[in-house]
Each structure stands twice: as structure tokens, then as C-alpha cells.
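# Analysis of the macromolecular model
Residue strings, one per chain:
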Amino acid sequence: MTRDTIDFDVDDRGVATITVDRPEQLNALTVETLEAIEGALDEAADRDARVLVIAGAGDDAFVAGADISYMVDMSTPEAQAYAELGHRVAEAIETFPAPTIAAVDGYAFGGGCELALACDLRVAAESAVLGQTEIDLGIIPGWGGTQRLPALVGDEVARRLIFLGERIDAAEAAEVGFVGEVVADAEFDDRIDELAGELAAKPATALRAAKEALNAAGEGSASTGLALERRAWAGLFGTHDQREGMEAFLEKREPEFE
């Protein structure tokens, strides 16, 4: 595996950034790129990153989708292997042990949308355009879009977006719940940096527990999710960050989390 098609960095705050770096191809995802993202996710986890940002290089695209020139002649077994790779990457983002941010600047179509859907938070630049556009290629979302999109925007909105292959701007994406925040283009990079810094300053153990409990909400019955929440909540007592957070509150000072 090489990393010629991505950039990877972890700064001194513990913010890891994976940038898909194929701007001339609108950051379309090849097998090599997906494998490089998968490896970078493992490294970010090994380095105890406190936040993960997924971004695209250049001004035109977050990720414009999977590489169609690669897919056009694939057999069914080859397509199955490609789908499994895309699912592994999306699931690794979804279960990453820290909050993840999709920095959606420019086009986010097909597989690019699916990477964004796997993130915890989605921030879009004002000029961003999003869509599950696979239907016009004679296929459907294959990396989790049919499952994650309805959970985010509701069943009928998801069906319209997938059936019609609609492309929507950032404002409409925010209106339907596809993204959580829209930022002026000129302020986008600063806002991503600010949000990542805010999250990195929070107690990492508590954030991880919160993410696990939130992810469980869509995986089983309400009683199972509530039981997990109880265990996670109780398990945080006795940690440094729990003691520090509560003592700082009582002492009316800023906490110093690990």
C-alpha cells in the first residue's frame, strides 16, 4: 500500500486529517486510495487521535465519487470485492474511536457522500453540492448510502435523493439534515480547524463512550442501547477526566483533561 493519493497528518492537538489528494480527478476514489485511507485510519487510531477530519484536496471537490473508469468493466465478483472495500472504509470511519468530521468543500457525489455519511459530523462550504448520484450510472449506492442516508434525512427524502439522483446545494442539504452546518467558503478552513480544536479539547474517554452509545442507538432495540449507555456512563466514574471535569465545575475553573 502506498499513500500517493492521500495526505495524512496528526497535529499537536491530536487532530488527525486525511485528505484525498487527487484534485485533477475531483478526488475520485480508486482501490489504491481506499486502501490508503484504511491504512491511515489504523495509524490515526494507533496514535490516539482525539479527532479525525476527512477532507478533499483542491477547491472543486470533497470526493466526487468512486472512479468510474475503474468500475465500468468490472465483473460481479470484482464489484463485490470493491463494495466490501468501500464498506470496510466507511465502517472504520463510523467506528473510529474519536469524533469524525467530514469537511465537505465542493462536490460530494456517490461514494464521496457515503464517506461523509459515515462521519459523526458534516460541515459543508456554501458552494458544496451533494448527491447520491449512482442511479444515473445504472447502479445504486454501494458503500452504505442506502442504510445511513435514511437514518439521517428520513425515509422519503432518502428515496427521492437515491431514486432521482438529485444534486442538492449546501443550504438544502442542511435543511433536510444531510449536513449539520454550512459555512461561507472564505471561512471554511478556519471553521473546520476551530471545530476540530473544540472537540480535541474535550475529554477523549467520555467522547469515545458517547460515540459508542450513540452508534448503538441504530443497531438494536432501545433497551439494548439504554443498557449500553448505563454501563458506559458508570464506567467513566473514577477516570481522571470525570474527576477533573466535576472538580473544575465546583471550583469554577476551566478543566484540564488528559
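Going by the structure above, here's the rest.
Cut-offs applied
- Residues numbered from 1 in each chain as written.
- Predicted model: local features only at pLDDT ≥ 70, side-chain atom pairs only at ≥ 80, totals over all residues.
- Heavy atoms only, no water.
- Phe/Tyr/Trp six-rings, centres within 6.5 Å; stacked < 30°, edge-to-face > 60°.
- Helix = DSSP H or I, 4+ residues; strand = E, 2+ residues; numbered from the N terminus.
- Buried < 20%, exposed > 50% of the residue type's maximum accessible area, 1.4 Å probe, protein only.
- Lys NZ or Arg CZ within 6 Å of the ring centre and 35° of its normal.
- Pairing = 2+ DSSP bridges.
- Contact = heavy atoms within 4.5 Å.
- Axes fitted to C-alpha atoms, helices over the stretch in contact; angles between N-to-C directions.
- Expected span 1.5 Å × (residues − 1).
- Salt bridge = Lys/Arg side-chain N within 4 Å of Asp/Glu carboxyl O.
- Core = buried A, V, L, I, M, F, W, Y, C linked by side-chain atoms within 4.5 Å.

### Concerning the packing of aromatic side chains
Here the structure, examined in full by the defined rule, presents three aromatic pairs. Measuring from centroid to centroid gives 5.1 Å for tyrosine 70 and tyrosine 82, while their planes differ by 65°, and the two rings are edge-to-face. Here tyrosine 82 lies in helix α3 (residues 76–94) and tyrosine 70 lies in helix α2 (residues 68–71), a separation of twelve residues in the sequence. Classification of tyrosine 82 as buried rests on a relative accessible area of 4%. One aromatic cluster in this structure is built from Tyr70, Tyr82 and Trp143. The ring of phenylalanine 109 carries the charged tip of arginine 167 above its face, separated from the ring centre by 4.3 Å.

### Some thoughts on the environment of serine 75
With respect to the helices and strands, the residue serine 75 is situated in the loop between α2 and α3. In the structure, serine 75 is positioned 91 residues away from glutamate 166 in sequence and 27 Å away in space, judged by C-alpha atoms.

### A word on the sheet that holds strand β9 (residues 168–169)
The four strands are arranged β4-β6-β8-β9 in an open sheet whose pairing can be described as mixed. Unpaired on one side and paired on the other, β4 (61–63) and β9 mark the two borders of the sheet. Pairing analysis gives two bridges linking β4 to strand β6 (residues 107–109), with the strands arranged parallel. From the neighbouring strand, alanine 61 faces β6, where its bridge partner is tyrosine 107. Together, β4, β6 and β8 (129–131) form the strand contacts of helix α4 (residues 111–118), whose direction differs from that of β6 by roughly 90°.

### Observations concerning helix α9 (residues 204–216)
Compared with the 18 Å implied by 1.5 Å per residue over 13 residues, the 18 Å span of α9 between its first and last C-alpha is a close match. Listed in full, the buried residues belonging to α9 are Ala209, Lys211, Ala213 and Ala216. Where α9 is buried, its residues meet α3, β5 (100–104) and α10 (222–235).

### Considering the pattern of salt bridges
For the structure on display, the rule yields 16 salt bridges. Between aspartate 67 and arginine 22 there is a salt bridge, with its nearest N and O atoms 3.6 Å apart. Here arginine 22 lies in the loop between β2 (15–20) and α1 (31–46) and aspartate 67 lies in the loop between β4 and α2, a separation of 45 residues in the sequence. Both residues of the pair, aspartate 67 and arginine 22, belong to the buried class. One continuous salt-bridge network, built from bridges that share partners, spans Glu181, Arg191, Glu194 and Glu198.

### Description of the nonpolar core
Residues Ile18, Ile37, Val104, Leu130 and Phe178 are the most contacted members of the largest nonpolar core, which totals 50 residues. For phenylalanine 178, the contacting residues outside a window of four places in its chain are Cys113, Leu117, Arg122, Leu130, Leu149, Leu152, Val153, Leu161, Ile168 and Ala173. Residues Val15, Val123, Ala125 and Leu199 belong to the second largest nonpolar core, which totals 15 residues.

### Overview of α1
Given a rise of 1.5 Å per residue, 16 residues ought to cover 22 Å, and the 23 Å separating the end C-alpha atoms of α1 matches this to within 8%. Considered for burial, the residues of α1 that qualify are Thr33, Leu34, Ala36, Ile37, Glu38, Gly39, Ala40, Leu41 and Ala44. On its buried side, α1 packs onto β1 (6–10), β2, β3 (51–56), α3 and α4. The first or second residue beyond α1 is aspartate 48, which carries a positive phi of 55°.

### A closer look at the environment of aspartate 12
The residue aspartate 12 is located in the loop between β1 and β2 in this model. By relative accessible area, aspartate 12 is classed as exposed at 79%. Sequence separation between aspartate 12 and alanine 49 is 37 residues, and the spatial gap between their C-alpha atoms is 9.8 Å.

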